[in-house]
Amino acid sequence: MKGISVKKNEDFSQWYTELIQKAELADIRYNVRGLVPYRAWASITIRKMYRVYEETLERKGHLPLIMPTLIPERNFRLEAKHVEGFSPGVFWVTHGGDKELEEKLALRPTSETALYQMYSLWIRSYNDLPFKRYVSGQVFRYEGADTRAFFRAREFHWIESHDVFATEEEARQQVIEDMETTYEMLQDEFAIPIIFFQRPEWDKFPGAVHTYAADALMDSGKVLQLPSTHLLGQNFSIPFDVKFIDENNEEQYGYITCYGPAISRIYGAMIALLGDDNGLVLPWDMAPIQVVIIPIYSSGTKEEVLVKARELETTLKKYMKETIIKLDDRDYVSPGEKFNEWELKGVPLRIEIGPKDIQNEQVVAVNRISGKKERVKLVDLKNYASSYASNFTKELKEKYSVQFETQVQLAQTVDEVKKAIGENKIVCSGFCSIDLDGEPCAEIIEKEVKAFVRGKRVDSEKHKFEKCVVCGKPAKETIYIARSY
RNA sequence: GGUAGGAUGGUCUAGCUUGGUAAGAUUUUUGCUUCGGGAGUAAAGGAUCCAGGGUUCAAAUCCCUGUCCUGCCA
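Residues numbered from 1 in each chain as written. Chains lettered and ligands numbered in written order. Predicted model: local features only at pLDDT ≥ 70, side-chain atom pairs only at ≥ 80, totals over all residues. Heavy atoms only, no water.

Asker: Tell me about the protein's contact with RNA strand B, residues and numbers included.
Answerer: Lining the immediate environment of RNA strand B, one finds 27 residues, of which Gly3, Arg29, Ser334, Arg350 and Asp357 sit closest. Those atoms of RNA strand B that come within 4 Å of the protein belong to sugar or phosphate at a rate of 42%. Within the backbone of Gly354, a nitrogen or oxygen atom sits 3.4 Å from a base oxygen of RNA strand B. Contacts to RNA strand B include Asp357, whose side-chain N or O atom sits 2.5 Å from a base nitrogen. Sorting the residues of the surface near RNA strand B by element identifies α9 (335–344), β15 (349–353) and α10 (355–360) as the ones contributing at least two each. Of the residues in the surface near RNA strand B, the class split is 7 nonpolar, 8 polar and 12 charged. (Near = heavy atom within 4 Å. Polar contact = N/O pair within 3.5 Å; in protein donor to acceptor, adjacent residues only side chain to side chain. Helix = DSSP H or I, 4+ residues; strand = E, 2+ residues; numbered from the N terminus. Nonpolar A, V, L, I, M, F, W, Y, C, P; charged D, E, K, R; others polar.)

Printed below as a string of structure tokens:
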């Protein structure tokens, strides 16, 4: 069968695997575990995602850098918590040809330790600040066996921006800007609903002062960690000697922030969340092909229909210069099969044209989200198509924009947490602390409920609790607990 | 990490128990008839049976090692 054989909400795992294979997104048969070739259809979208993200970062004052993939071990060891956090996940290059290297080289799992070494050379005075740069590329992490295409891989594709400021206040502002950027990209461009949490101390980026991470709200109450932004403070600038001369001619250490949207993972979230039983659904601007025209003819009407269909293609292309339009005139594939194929691949707008339409000077337009068919007069088609294009992503966004509050259930005891998680809810509870002294309580939640403390909301919080849901001590924080992918 | 399965034309699967000519569907190519929601028909093409070793007159099949994949549990 060419289509997906299961319903998304009945067997998500099977659905996702089939989607990836049948829509030709990736091929998991590459013979190194956790490394996955992305096929053309996914690669086109991923490059579009990079482009829109990079343009946004540049508009906000970041400049691009291209950095080496290998990092010497000694850089790696400079920040103690960073080493401790990342060491188990590093691929090491130990040989050059047959010769053992004098110093091992890490395949970058993230680029702090490559960049800041150079930042200490590039940043001289307060006139150089703020210093905002980003890197696009692959990073490598030796994950466990539990890999899944796009969601969790041993090599993944991301952007990381690393910014240096003269004051902690400016750095904090940058973290806020990063969160705004995330909303603009994930919600507005990619139609993925998210919410930001300040992560608890025990779940921070290794070496950070604070970590703020977006959780995507997937259906069925599970969340998926998407971009995170970290206030590194001076934790890295001191060991890496990133300092500048201030107005008073005194040396100061910079305040650093870093932000890492993992494009490949966001892609995974996008296809998993927006897709339906027929296959992929993509936001208008992210689709490799946005409009497909399907001619419908019998042997007597073939020539006439094809001529009209080509005319239609030319007119639309002239009118919608930015839009990628394809005329599917393969005559060895039946119309029905074309319908299914392009739905599987998530083309937002399908236009059918057959003899009856030509008689009535119209076409049939089919919406990928609703599946609804609409007759559109040829004279109205230009307007129809451009308003369709500008509404499509909005429609998609509305369809999946879950009211966060409606997924949330309050809980006062561990049993209530367990019950609510079992009902696919995100749980809101009181918690003794999100500093390290709260970790034992979090471990109990992990063990008993098999869900994780995601942290406290970054935007406003209206719920207040007296006691910690686990230990019963006074609750310092209101936190959220959820299952994650 | 534990555990249970699996790997056979491009794809999906049968064959393995009981060793003996690798089979089917689909895909691909070609012809004819078709085409408004996964077309029909005829022919052709397509395999180091995951890799390496062992047992045997003979191995896809039995044994050992490795690699990769999948499910479940932690």
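Asker: Just give me the short version of empty space enclosed by the protein, but keep the residues and values in it.
Answerer: In the structure shown here, the tally under the stated rule is 1 cavity of 30 Å³ or more. If you add up the space inside the largest cavity, you get close to 50 Å³. Together, Val292, Phe339, Trp342, Glu343, Val347, Arg350, Val366, Asn367 and Arg368 line the largest cavity. Every element with two or more residues in the lining of the largest cavity is listed here: α9 and β16 (362–367). Sort the elements by how many residues they give to the lining of the largest cavity and α9 lands first, with 3 residues. (1 Å grid on protein atoms, 1.4 Å probe; cavity = no way out; pocket = protein on both sides within 12 Å on 5 of 7 lines; lining within 4 Å. Points joined across faces, edges and corners; volume = space filled by probe spheres on them.)

Asker: Give a detailed account of the packing of helix α8 (residues 302–319) against helix α11 (residues 381–400), specifying residues and quantitative values.
Answerer: For any two helices packed against each other, the geometry comes down to the angle between their axes and how far apart the axes lie. It is at 11 Å that the axes of α8 and α11 come closest, and there the two elements cross at 55°. Of the possible angle classes, the one that applies to α8 and α11 is oblique. For the crossing formed where α8 meets α11, the hand is right-handed. Contacts between α8 and α11 involve Leu312, Thr315, Leu316 and Tyr319 from the former and Leu381, Lys382, Asn383, Ala385 and Ser386 from the latter. Residue classes in the contact of α8 with α11 are distributed as 5 nonpolar, 3 polar and 1 charged. (Axes fitted to C-alpha atoms, helices over the stretch in contact; angles between N-to-C directions. Parallel < 35°, antiparallel > 145°, perpendicular 65-115°, else oblique. Left-handed = near helix turned anticlockwise from the far one by under 90°. Contact = heavy atoms within 4.5 Å.)

Asker: Break down the domain arrangement of chain A for me, citing the residues and quoting the values.
Answerer: Taken domain by domain, chain A comprises domain 1 (12–274), domain 2 (284–391) and domain 3 (404–484). One C-alpha centre belongs to domain 1, the other to domain 2, and the line joining them spans 40 Å. Across the boundary between the two partners, domain 1 contributes 13 residues, which contact 11 residues of domain 2. Carbon and sulfur atoms supply 68% of the area that domain 1 and domain 2 bury against each other, a total of about 960 Å² over both sides. Residue Lys345 is joined to Glu24 by a salt bridge in which the shortest nitrogen-to-oxygen separation is 3.0 Å. Remark: the boundary between domain 1 and domain 2 carries 4 residue pairs in polar contact (both at pLDDT 80 or more). (Domains from an automatic or database assignment. Buried area = accessible area lost by both parts, 1.4 Å probe. Salt bridge = Lys/Arg side-chain N within 4 Å of Asp/Glu carboxyl O.)

Asker: Tell me about the packing of aromatic side chains, and name the residues and values.
Answerer: This structure, assessed with the given rule, holds 27 aromatic pairs. Arranged with centres 5.9 Å apart and planes meeting at 25°, the rings of Phe12 and Tyr16 form a pair that is stacked. With a gap of 4 residues between them, Phe12 and Tyr16 both fall in helix α1 (residues 12–22), about one helical turn apart. What links up through ring pairs into an aromatic cluster is the set Tyr116, Tyr119, Trp122, Phe131, Phe236 and Phe240. Above the face of the Trp92 ring, Lys104 is positioned so that its terminal group lies 4.4 Å from the ring centre. Directly above the aromatic system of Phe339 lies the positively charged group of Arg350, at a separation of 4.1 Å from the ring centroid. (Phe/Tyr/Trp six-rings, centres within 6.5 Å; stacked < 30°, edge-to-face > 60°. Lys NZ or Arg CZ within 6 Å of the ring centre and 35° of its normal.)

Asker: Describe the layout of surface pockets, naming the residues involved and giving the relevant values.
Answerer: Taken as a whole, the second largest pocket holds about 370 Å³ of empty space. Lining of the second largest pocket is provided by 20 residues; of these, Asp27, Ile28, Arg29, Val36 and Ala149 occupy positions nearest its centre.

Asker: Give a detailed account of the environment of Tyr119, specifying residues and quantitative values.
Answerer: By the element assignment, Tyr119 lies in helix α5 (residues 112–122). Considered as a pair, Tyr119 and Asp163 are 44 residues apart in the sequence and their alpha carbons are 9.9 Å apart. If we ignore the near neighbours within four places in the chain, the residues touching Tyr119 are Leu65, Phe131, Arg133, His162, Val164 and Val242.

Asker: So what's going on with the packing of helix α2 (residues 40–59) against helix α7 (residues 263–274)? Which residues, and what values?
Answerer: Two numbers describe how α2 lies on α7: the axes approach to 10 Å, and their chain directions differ by 115°. In this structure, the crossing between α2 and α7 has a hand that is right-handed. For the pair α2 and α7, the contacting residues are Trp41, Ala42, Thr45, Ile46, Met49, Tyr50 and Tyr53 in the first and Ile263, Ile266, Tyr267 and Met270 in the second. Class assignment of the residues belonging to the contact of α2 with α7 gives a composition of 10 nonpolar, 1 polar and no charged.

Asker: Got a sec to walk through α11? Specific residues and values, please.
Answerer: For α11, built from 20 residues, the straight-helix expectation of 28 Å at 1.5 Å per residue is met to within 8% by its first-to-last C-alpha distance of 28 Å. Maximal helix bending in α11 amounts to about 35°, located at Asn391. Listed in full, the buried residues belonging to α11 are Leu381, Tyr384, Ala385, Tyr388, Ala389, Phe392, Thr393, Leu396 and Tyr400. Check the buried side of α11 and you find it contacts α6 (168–189), α7, α8, β15, β16 and β17 (373–377). (Expected span 1.5 Å × (residues − 1). Bend = angle between axes of the 7 residues up to and from the residue. Buried < 20%, exposed > 50% of the residue type's maximum accessible area, 1.4 Å probe, protein only.)

Asker: With reference to specific residues and values, describe the sheet that holds strand β3 (residues 91–96).
Answerer: Pairing within the open sheet is antiparallel, and its 3 strands lie in the order β2-β4-β3. Of all the strands in the sheet, the pair left with one neighbour each is β2 (70–72) and β3. Going from strand to strand, the sheet's axes swing by 45° on average, the running direction of each strand aside. In this structure, β3 lies alongside strand β4 (residues 99–107), joined through 5 bridges in antiparallel fashion. What sits directly across from Gly96, in β4, is Lys99. (Pairing = 2+ DSSP bridges.)

Asker: Mind laying out the sheet that holds β17, listing which residues take part and the relevant values?
Answerer: On the basis of which strands lie adjacent, the open sheet formed by 5 strands has the order β14-β13-β15-β16-β17 and mixed pairing. The open sheet has two edge strands, β14 (325–327) and β17, and neither has a second partner. In this sheet, adjacent strand axes meet at a mean angle of 25° when their direction is disregarded. Inspection of the sheet shows strand β13 (residues 291–295) paired to β14 by 3 bridges, in the parallel sense. Of the residues in β14, the one forming a bridge with Ile293 is Leu327. Sitting on the sheet, α11 touches β15, β16 and β17, and the angle it makes with β16 is about 0°.

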